[in-house]
Amino acid sequence: MQPQPYPPSLRPSVSAEFPPQDHRQPLQRYPDELHSQYHLDDDDHDDFFNGDPSGSNGYHPGFPLNTHNDYVPYQRADSAVSQSIRGSSPGPILDHSHLRPGKQASLLSHERTIELYRTNAKKTQDPDLQFEFAVFMIDASKTWPIPPNTPGNLLEVERALERRENLIHEATALLKRLADRGHPQSQYFLADCYANGIGTVKNKQDFDRAYPLFVLAAKHGHPDASYRAGTCCENGWGCRRESAKAVQFYRKAAAALHPGAMYRLGIAELNGELGLSKSPKEGVKWLKRSAEQGTAEFPHALHELALLHERGVDNVLFVDFEYSVELLAQAAELGYAASAYRLGECYEYGKMGCPQDAALSIHYYNIAAQQNHREACFALTAWYLVGSPGVLPQSDTEAFLWSQKAAEAGLTKAMYAVGYFLEVGIGTPQNMTESLSWYKKAADKGDKRAIQRLKGATNQHHGGPGSVLGRGDPDEGGGKKDKDCIIM
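The paragraphs below set out a description of the structure included in this document. Note that the structure is a prediction, hence the values are computed from the model and not measured.

About the thresholds
- Residues numbered from 1 in each chain as written.
- Predicted model: local features only at pLDDT ≥ 70, side-chain atom pairs only at ≥ 80, totals over all residues.
- Heavy atoms only, no water.
- Helix = DSSP H or I, 4+ residues; strand = E, 2+ residues; numbered from the N terminus.
- Contact = heavy atoms within 4.5 Å.
- Phe/Tyr/Trp six-rings, centres within 6.5 Å; stacked < 30°, edge-to-face > 60°.
- Buried < 20%, exposed > 50% of the residue type's maximum accessible area, 1.4 Å probe, protein only.
- Lys NZ or Arg CZ within 6 Å of the ring centre and 35° of its normal.
- Salt bridge = Lys/Arg side-chain N within 4 Å of Asp/Glu carboxyl O.

**Section: the overall build of the protein chain**
Logical step 1: Regarding its fold elements, the protein chain presents 18 helices and zero strands.
Logical step 2: Long-range contacts, defined as pairs at least 24 residues apart, comprise 60% of the intrachain contacts of the protein chain with a sequence gap of at least 6.

This is how it looks when you write it as structure tokens:
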């Protein structure tokens, strides 16, 4: 049984909670003056689908793909498919004769769809279309239907797994040919496959093969590839750990407005990392630029700027709670769990100028909890135990399920709470065996209450259904920031 998400009908609208920003100056853009160049040897160019590699729609070994200074604003890597540029062709490339609209309309099987796509891809020398086909095969392999593994259909399972592996093999072989001919999207996508264990031996990550391809794509001005090459150099994945080289790649990606690269440079400048001197002013500049380009994949700069405005930076940033809340809201709407959890706290306890608002608190906790943020899951446990009239019905069962989810994610105080719920029977049948198991897990992590429970040294009054967790401000009382689970 899984905990139920916060009812959509009860989710509040947050658009009216944040005042317009007319009085604020927009984040400043800075000139893209930071460029680095990478000179690599020309690659071999294999024939592809028995086509002529020097054809008008293919990449010729001597044909320049991109000059190093022709940067464009950052785009997500997965937009390469939708943004591909089609080359001219003598006739229709896609054959739609199999489509039968009207009463004869029908869906095609996986294999029939792939075969039609394969036939169409072979009719063209356009590398973008062929790249799309390779991406389609990789995506299809992820959702390839595998029958249940039972003694009666072992052969069918083996055949399905073999077909899926063949699909991956065909896709990676096609990507290799395109990459060898200098197609940057194929170079990056193939590197990403290797980095994620797709098309590798035993499906293990293979950065030894991924890193050189990231570098090749970076040479052709691929922002994501430059960023990923930087992370490889920073962490020593597939290459030696070289901070200076990592900074070069990050600056190259940042010049193309890659939000992840700009964020990493900002943090490095703030903390004096990657061999850079500590410069809060420059760090904040990079964070502002990254925040301007924030995406669901890279919302981190919005959150970091919010924290900086919450406490201020001497001679760089002043304390501004209102603006901090606005930045947190932007990051939360992009789905960033840490920002959503922080806003949940603000609206629960009335921090940073926010009104105490149960609906908004639960709304933001729910955003974070749906992404398995363990503190947010435990916060929903407390809300379900007490409920909120007109917003959230009280439910011991939901409280137990959310605490269990937080405990399984490794939150110590949630482990103790689950143990207590099982001992007393709050939201779940009593089960002393399971209860002691959770107490032991919490005790192993140093929870004193769990240790006392195991020793039988306490004489606390045992509650029953309806017992609640005490909900005090985590920033009050003894200087403790984390909520203490106080069972009454």
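Structure shown, so let's carry the discussion forward.
**What about the packing of aromatic side chains?**
Logical step 1: Counted under the stated rule, the structure contains 11 aromatic pairs.
Logical step 2: Ring geometry for Y188 and F214: centres 5.8 Å apart, planes at 50 degrees, overall tilted. Pair noted here: Y188 is in helix α4 (residues 184–195) and F214 is in helix α5 (residues 207–219), with a separation of 26 residues, a long-range link. Each of the two residues, Y188 as well as F214, counts as buried.
Logical step 3: These aromatic residues form a ring-pair network of at least three members: Y117, F133 and F136.
Logical step 4: The ring of Y416 carries R449 above its face, with NZ or CZ at 4.4 Å from the centroid.

**Section: the environment of K142**
Logical step 1: Relative to the helices and strands, K142 resides in helix α2 (residues 127–142).
Logical step 2: Classification of K142 as exposed rests on a relative accessible area of 57%.

**Focus on the pattern of salt bridges**
Logical step 1: Under the criterion given, the structure shown has 15 salt bridges.
Logical step 2: Here R264 and E273 are joined by a salt bridge, their closest N and O atoms 3.0 Å apart.
Logical step 3: The exposure class of R264 is buried, given its relative accessible area of 15%.
Logical step 4: Exposure remark for E273: the relative accessible area of 28% places this residue in the partly exposed category.
Logical step 5: A salt bridge links K285 to E282; the shortest N-O distance between them is 3.5 Å. Here the residue K285 and the residue E282 both occupy positions in helix α9 (residues 280–292), the gap between them amounting to three residues, near one helical turn.
Logical step 6: The structure contains a network of salt bridges with shared partners spanning E115, R118 and E170.

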